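Now for the letters of each chain:
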Amino acid sequence: MKHTGRQNALYAQSGGVSAVINASACGVIETAMRRSRHIGKVYVGRDGIIGALTEDLIDVGRESAATIRALKHTPGGAFGSARFKLKGLEQNRAEYERLIEVFRAHDIGYFFYNGGNDSMDTALKVSQIGESLGYPVTCVGVPKTVDNDLPHTDCCPGFGSAAKYVAVSTREAALDVTSMARTSTKVFVFEVMGRHAGWIAAAGGLAGRKPGDAPHIILFPEIPFEPERFLERAQQCVEEYGYCVVVVSEGAAYSDGRFLAEAGTRDAFGHAQLGGAAPVIANMIRERLGYKYHWAVADYLQRAARHIASKVDVEQAYAVGKAAVELAVKGTNAVMPTIVRKRAKPYQWTIGHVPLSEVANQEKKVPREFITADGFGITAACRRYLEPLIAGEAYPPYRDGLPDYVRIKGAPVRRKLKTTFKV
Ligand code: F6P
C-alpha cells in the first residue's frame, strides 16, 4: 500500500539481541531521518513491541546525531528488546486493536521490526492488521539473529560477529589447553548458542586449519548425540594429539529429541531455555574417561562481543536497516531485506528482499553437506560459506582501556491515549 502523505515511523527490536542489532537500528534511523519527504518523526518502541502496546515510545529525534552514529559500534539492544509473541487475530484481537490505536494516535504509517524468525511472524501479522482493522501500515522486517537460521538470506546480521568470537575463542582456548595437557587439563568443552541450528557451533570449526587442530569434535543439533561414539572419539583425540577440544551447541540433542541440557524455563514462544550442555559433556568425560577437563559456556559473551565484531557483519547489519526504510518508502509492504551472495571469493554481496510470509517461523539448519561424514566436523564447503562472514575487524573506539559504548537518552514521546494497556 503506497502512502501519499508524510507519516511517522516506528522501529522496534525483538528477541535475543546481538553485537550489531544497534547497527541495524542506526541504518533504519539515519535513513528514515533523511527520508523526510515520506517520513515525519522517527520513534522507537521501548522494550520492543511492549513499548508499542503500552504507548511507551522513544523520540529518537531528541538524540544527537553522534549518539545515533555511535549505535553502530554499541552492542546489546539500545532501546530494549522483548520476547513477546502476538497471538493470532482470532485468539487475541485486543493486542492488535491496541497496536492500531497507538499507531493511529501517533500517526505511525511505517513499522520496522528487527528480529529473527518468530519476530518475522509478528511482523507479518502486524502487516496484515492494516487490512483487517482499516489502518494501513507499511511493515518491513529487519533480519537479525545470531543463530543464523532465517531462510532466503545468505546470513543473518549478528551471526558473523558471534561466529568470529567463537572461532577466536576456540583457537585461543585450544592454545591454553595444549600447553597444559601433559600434566593437567586434557579436555576443554566450549558451549555455544544456536537453539536448533548449529551455525555458531560450525563457526568454532574455523579455528582449526589442518587435521589434528582444535576443535577436534563439534556437536551439532543437526546430528543426534550418541554418547558412546562421542566418548570413543574424545579418547582417540587425547591419545593421538594429547588433548581434545569440543565445541558443543546448546541445541545438541539425543536421537529422541531431548536436549542434552534444558534449563527448565520456557520463553513466550514456548522455546526451552537452553544452557548447560557443556557441563553434561564434561561430566561424561570425567565419569567415563577420567580426564581432567575445563568447560565454558559462551552464553551472552558471544552475542555481545562487539569488541571482536566482524566488519562484514557490521556493514550488513547497517545495510539491511537502510534497505528496510528504502523499501518502505517505495510502498513495499510485508517484506524482509535479505543478503544475497553474489560471489564467494572475494566475497561480494548485495541486498534483496523476500515476502515475510516466506520467512516467518522458518528455520534454516546446517545442511548435511556442511558437516563431515562422521558428524563431528565441518566440510570445506562449510568453511567456504563461513569464512567471508567473519572477515575484517570493526573495532569500537576505546577510552581508558575499554570500548566506548553509547547510552541513549531515551526521551519519551508524550502519551496521547487516555487508556493504558497491560502486557
Ligand atoms: O536469539 C537467539 C538466542 O540467542 C539463542 O541462541 C538462545 O538460545 C536464546 O537466544 C537465548 O535467549 P534469551 O536471552 O531470551 O534467554
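Residues numbered from 1 in each chain as written. Predicted model: local features only at pLDDT ≥ 70, side-chain atom pairs only at ≥ 80, totals over all residues. Heavy atoms only, no water.

Student: Explain helix α11 (residues 311-329) here, please?
Tutor: Turn by turn, an α-helix covers 3.6 residues, leaving residues three or four places apart pointing in a common direction. In a regular helix each residue adds 1.5 Å, so 19 residues correspond to 27 Å; α11 covers 28 Å between its end C-alpha atoms and thus fits that length. After α11 finishes, the residue Gly-331 shows a positive phi value of roughly 90°. (Helix = DSSP H or I, 4+ residues; strand = E, 2+ residues; numbered from the N terminus. Expected span 1.5 Å × (residues − 1).)

Student: Would you take a moment to explain the nonpolar core for this structure?
Tutor: Note that soluble globular proteins tend to have their nonpolar side chains buried in a common cluster. With 77 residues, the main nonpolar core has Ile-29, Phe-79 and Phe-112 as its most contacted residues. Ranked by residues supplied to this core, first place goes to helix α6 (residues 159-180) with nine residues. A domain-level breakdown of this core finds at least three residues from each of domain 1 (7-145 + 309-361) and domain 2 (159-306). Excluding residues that lie within four positions of it along the chain, Ile-29 makes contacts with Val-42, Val-44, Val-60, Ile-68, Leu-71 and Phe-79. (Core = buried A, V, L, I, M, F, W, Y, C linked by side-chain atoms within 4.5 Å. Buried < 20%, exposed > 50% of the residue type's maximum accessible area, 1.4 Å probe, protein only. Domains from an automatic or database assignment. Contact = heavy atoms within 4.5 Å.)

Student: Quick question: what am I supposed to make of the pattern of salt bridges here?
Tutor: Oppositely charged side chains can form a pair if their charged atoms are brought close together. In this structure the tally under the stated criterion is 13 salt bridges. Residue Glu-326 is joined to Arg-35 by a salt bridge in which the shortest nitrogen-to-oxygen separation is 3.7 Å. Placement of Glu-326 in helix α11 and of Arg-35 in the loop between α1 (21-34) and β2 (39-45) is noted, with a sequence separation of 291 residues between them. For Glu-326, a relative accessible area of 24% puts it in the partly exposed group. In this structure, Arg-341 engages Asp-154 in a salt bridge whose closest nitrogen and oxygen atoms are separated by 2.9 Å. Separated by 187 residues along the polypeptide, Arg-341 in strand β13 (residues 335-343) and Asp-154 in the loop between β6 (138-143) and α6 bring together distant segments of the chain. With a relative accessible area of 13%, Asp-154 lands in the buried category. Where salt bridges share partners, they join Arg-35, Lys-322 and Glu-326 into one cluster. (Salt bridge = Lys/Arg side-chain N within 4 Å of Asp/Glu carboxyl O.)

Student: Just to check I follow, could you spell out the site of the ligand for this structure?
Tutor: The local shell around the ligand consists of Gly-16, Arg-83, Val-146, Asp-147, Met-193, Gly-194, Arg-195, Glu-250, Tyr-300 and Arg-303. Between Arg-83 and the ligand, the recorded distance is 2.6 Å, taken from a side-chain N or O atom to an oxygen atom. One of the backbone N or O atoms of Gly-194 is found 3.3 Å from an oxygen atom in the ligand. Contact with the protein chains covers 84% of the free accessible surface of the ligand, which is 400 Å². Grouping the amino acids of the shell around the ligand by side-chain chemistry returns three nonpolar, two polar and five charged. (Near = heavy atom within 4 Å. Polar contact = N/O pair within 3.5 Å; in protein donor to acceptor, adjacent residues only side chain to side chain. Areas by Shrake-Rupley, 256 points an atom, 1.4 Å probe, with all protein chains shown as cover. Nonpolar A, V, L, I, M, F, W, Y, C, P; charged D, E, K, R; others polar.)

Student: Whenever I open this one, empty space enclosed by the protein confuses me. Can you help?
Tutor: Rolled over the atoms, a probe with the dimensions of a water molecule shows which regions are left empty. Tallied over the entire structure, the rule returns one cavity of 30 Å³ or more. In this structure, the largest cavity spans a volume of roughly 70 Å³. Every residue lining the largest cavity is listed: Ile-218, Leu-219, Phe-220, Ile-223, Pro-224, Phe-225, Glu-226, Arg-229, Phe-230, Gly-375 and Phe-376. Contributions of two or more residues to the lining of the largest cavity are made by β8 (217-219) and α8 (227-241). (1 Å grid on protein atoms, 1.4 Å probe; cavity = no way out; pocket = protein on both sides within 12 Å on 5 of 7 lines; lining within 4 Å. Points joined across faces, edges and corners; volume = space filled by probe spheres on them.)

Student: Sorry, what's going on with the domain arrangement of the protein chain here?
Tutor: Interfaces are often described in size by the accessible area the parts lose on coming together. According to the domain assignment, the protein chain contains domain 1 (7-145 + 309-361) and domain 2 (159-306). In this structure, domain 1 and domain 2 have C-alpha centres spaced 33 Å apart. In this complex, domain 1 contributes 18 residues to the contact, which on the side of domain 2 involves 13 residues. Here domain 1 meets domain 2 over a buried area of about 1400 Å², counting both sides, of which 54% is carbon and sulfur. Contact with domain 2 buries surface across domain 1, with Arg-83, Asp-118 and Ala-309 losing the most and accounting together for 37% of the total. (Buried area = accessible area lost by both parts, 1.4 Å probe.)

Student: I would appreciate a short explanation of the packing of α8 against helix α9 (residues 277-289) in the present structure.
Tutor: When two helices pack together, their arrangement is given by the angle between their axes and by how far apart the axes lie. α9 packs onto α8 with a crossing angle of 70° between their chain directions and a minimal axis gap of 11 Å. When the axis of α8 is compared with that of α9, the two are roughly perpendicular. Judged by residue contacts, Pro-227, Glu-228, Phe-230, Leu-231, Ala-234 and Gln-235 of α8 engage Ile-281, Met-284, Ile-285, Arg-288 and Leu-289 from α9. Grouping the amino acids of the contact of α8 with α9 by side-chain chemistry returns eight nonpolar, one polar and two charged. (Axes fitted to C-alpha atoms, helices over the stretch in contact; angles between N-to-C directions. Parallel < 35°, antiparallel > 145°, perpendicular 65-115°, else oblique.)

Student: Looking at this structure, how should I read the layout of surface pockets?
Tutor: Space inside the second largest pocket adds up to approximately 340 Å³. Forming the boundary of the second largest pocket are 21 residues, of which Lys-210, Asp-213, Pro-215, His-216 and Gly-377 lie nearest the centre. Sorting the residues of the lining of the second largest pocket by element identifies α8 and α12 (380-386) as the ones contributing at least two each. Class assignment of the residues belonging to the lining of the second largest pocket gives a composition of eight nonpolar, seven polar and six charged.

Student: Can you walk me through the packing of aromatic side chains in this structure?
Tutor: Each aromatic ring pair is summarised here by two numbers: the centre-to-centre distance and the angle between the ring planes. Tallying each qualifying case throughout the model produces nine aromatic pairs. Pairing Phe-103 with Phe-111 gives two aromatic rings, centres 5.6 Å apart and planes at 45°, and the pair type is tilted. For the residue pair Phe-103 and Phe-111, the accessibility class agrees, reading buried in each case. Seen from their ring centres, Phe-111 and Tyr-113 are 5.4 Å apart, and the 25° between their planes marks the pair as stacked. Per residue, the accessibility class of Phe-111 equals that of Tyr-113, and both read buried. Ring-pair connections join several aromatic residues into one group, and the members of that group are Phe-103, Phe-111 and Tyr-113. (Phe/Tyr/Trp six-rings, centres within 6.5 Å; stacked < 30°, edge-to-face > 60°.)

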